[in-house]
Amino acid sequence: VSPGPGRPILVASNRGPVTFSRSEDGSLAPRRGAGGLVTALTSALQVTGGRWVASAMSEGDRERAAESGGRFEVDAGGARYDLRLLDPGADVFDAYYNRISNRILWFCHHYLWDVPRYPRFGADTAAAWDGYRAVNALFAEALAEEAESLGTAPAILVQDYHLCLVPALVRGRGAAGPIAHFSHSPFAGPDYLRVLPDEIRTGILEGMLGADLVGFQAAAWADNFLAACGSLPGAEPDRERRTVRWQGRNVRVGVFPISIDADALRRETAAPEVAARREALATSLGEMRLILRADRMELSKNVIRGFLAYERLLLDTPEWRGRVRFLAHLYPSRADIPEYRAYAQDCEREAERINAALREPEWEPITLSVKDDFQEALSAYGRYDVLLVNPVFDGMNLVAKEGPVVNDRDGVLVLSRNAGAHDELAAHALVVNPFDVGETAEALHSALSMPADERARRAKGLREVATANPPVEWVRRQLEDLEEAIAR
Ligand code: F6P
C-alpha cells in the first residue's frame, strides 16, 4: 500500500522508533520500539522517504545524539531512514517529559487526579512549562531545518501531547508543507481540561490549531477537542463538519483509529522461544482457566479495580476457586514519577492481599509479573481464556487488538467502554464501565462461563476487526486527509 501522494514525510515524536544501548563489542546498537505508531510510520518512511525527529531518552541515545549533530541513518528491523535525536539537557527534559507531559497533560487527558487534593499548580508549574515550551521550540527548529533540507515540501506528522506547541511553532517558522498533529491519548472533556492553568490550556489548543489536520484515535476525543475549542477566544469550531476556523484557516479534525501489524505479530509469536514459553505456561496451567491482562504499569490501566473485580468473582462464585488464575503482566514505565512508583506498590500490595486471603495449598489466585518482557506477554496471549482490558480512559489500547490475533482458544475480551478500541470492538466484547467493580466481576464470570459457540463467534469478530486496518493504512488515510485539508 502506498502511504501517500509522493511527498516525503517528516515525523516528530517524543519517543523515537529506536533506542540505543552499548552492545558487548562497545558499539551503540539500535533496538526497535514496539507498537502501532513505530510500525506504521517506519513502513511509511520506507515508501515516501523522509526523516524522524525524536528525543534522546536513554543514556545510549544521548551519546548517539552527541555524535554527528544527532543526525544519522538508522538500519533496524529491516527498515532504513534518517533519524535526528534531540537532547535538551537533563533538567529541561525532566520539566518537559516528567513534569508537564506525564504528570500534568497525561493526568488531565486520562482523568487521573484525585481532584479534591490534586493538582496544586504554582511557581514550579510555571517553571516546568518553560521547559515544555523550550523542548517544543527545539523540535520546531529541527523540523524546519529538516523540511528545508529535504528539498520537496514534506508532510510534517507531529505525534502526541508532548509536542502540542510544535504545529504552531513550525508554521510560525514558515516551514513548507502541510502539518498534522495526532494524539494517541484521549483528549479530556472541556470541564476537566479547565483544571489546567489557563496558559497551559490555551497554549496546547493554540499550538495544535497550528496544524492543518488534528487527528485522534476515537470520535469521543475529537469531539472533546472541538468542545474545548469552543472556549478558546477567536476559534470557531463546527462540530458537525469537524473543522475549526482559526486565524483565517480551516483546521480539519479527524478520527483515525490505529491498528496492529498482524503478520509481524504472528511471526514474532511463531518464534521458537515464544512457542517454548507458551508450552511451559500451558503445562503449568493444565486445565486451569487463565484471565490475562498485559499493560504498562500505568495508572490509567486500572489494575487495582481489575484485581478487586477478580476478588469479587472468587467471593461471589467460589466454584471458580482453584479453577482459574489471573496473570497480570505489567511492564515498568515512567519510574521517575512518584505517582507511578506509588501505584506500582499499591498494585503489588493488592495482589498480595488477595493472594493471602484466598490462596489454597495448590493454588495461587494472582500471578503478578512486573518486567519488560514482550515475549512473556506474547506467550500468554496465546493461552488466555479471558483478556481483561479495563482502562479508566485509553486513547486506543492495542492489547485489545493484539490478544485476539494471537489467541487460538477463542478467548473472550472484557473491554472498558472508555478505551478508544471500544468503538471498533464493542460488538464482539463484553463491555464494562471500568469504575464498576461489580459489573466487571460479572463480566469475568460471563466470560468464563460463555458457551463455546458464542466464544468462537465473538473471537472471529475480534480477529476480523483487528486485522482489517493495517498500520500503513492509518498513515495513508491521514496523508490523504492532509492533502485535502490544504487543497481547500
Ligand atoms: O500512546 C501514548 C504514549 O504516551 C506514547 O506517546 C508513548 O510512546 C507511550 O504512550 C509510552 O509512554 P512513554 O514513551 O512515556 O514510555
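For the structure, see preceding data.
Quick summary incoming for the structure in this document. (Residues numbered from 1 in each chain as written. Predicted model: local features only at pLDDT ≥ 70, side-chain atom pairs only at ≥ 80, totals over all residues. Heavy atoms only, no water.)

## Considerations on the environment of L425
Here L425 lies in helix α15 (residues 422-425). On the basis of relative accessibility, which here comes to 0%, the residue L425 falls in the buried class. When the C-alpha positions of L425 and L415 are compared, they lie 8.4 Å apart, and in sequence the two are ten residues distant. In contact with L425, not counting residues within four places along its chain, are A400, K401, L413, L415, L462 and V465. (Helix = DSSP H or I, 4+ residues; strand = E, 2+ residues; numbered from the N terminus. Buried < 20%, exposed > 50% of the residue type's maximum accessible area, 1.4 Å probe, protein only. Contact = heavy atoms within 4.5 Å.)

## Observations concerning the site of the ligand
Around the ligand, a shell composed of R15, Y97, N102, W106, D160, Y161, H162, H184, R296 and R334 is seen. In the model, an oxygen atom of the ligand is placed 2.7 Å from a nitrogen or oxygen of the R15 side chain. One of the side-chain nitrogen or oxygen atoms of D160 is found 2.5 Å away from an oxygen atom of the ligand. Against a free-state accessible area of 380 Å², the protein chains account for coverage of 76% of the ligand. (Near = heavy atom within 4 Å. Polar contact = N/O pair within 3.5 Å; in protein donor to acceptor, adjacent residues only side chain to side chain. Areas by Shrake-Rupley, 256 points an atom, 1.4 Å probe, with all protein chains shown as cover.)

## Some details on helix α12 (residues 338-358)
With 21 residues, α12 ought to run about 30 Å at 1.5 Å a step, and its terminal C-alpha atoms sit 31 Å apart, in line with that. Within α12, burial applies to Y340, Y343, A344, C347, E350, A351, I354, N355 and L358. Looking straight down α12, one finds that the buried residues subtend no more than 130° of arc, so they occupy a single side. Facing away from the buried side of α12 by over 90 degrees, the exposed positions are E352, A356 and A357. Buried positions along α12 lie against α3 (90-109), α11 (303-316) and β15 (366-370). (Expected span 1.5 Å × (residues − 1). Arc of directions from axis to C-beta.)

## Structural notes on the pairing of strand β5 (residues 71-76)
On a regular strand, one side chain projects to one face of the sheet and the next to the other, so that they alternate. Note: β5 against strand β6 (residues 79-86), six bridges, orientation antiparallel. Pairing of E73 across the sheet is with D82, part of β6. The loop that links β5 with its antiparallel partner β6 comprises two residues; one of these, G77, has a positive phi angle of about 55°. (Pairing = 2+ DSSP bridges.)

## Looking at helix α14 (residues 399-406)
Across the eight residues of α14, eight count as buried, placing the element largely inside the fold. Inspection of α14 places V399, A400, K401, E402, G403, P404, V405 and V406 among the buried residues, and these make up the whole buried set.

Geometry only, nothing functional implied.
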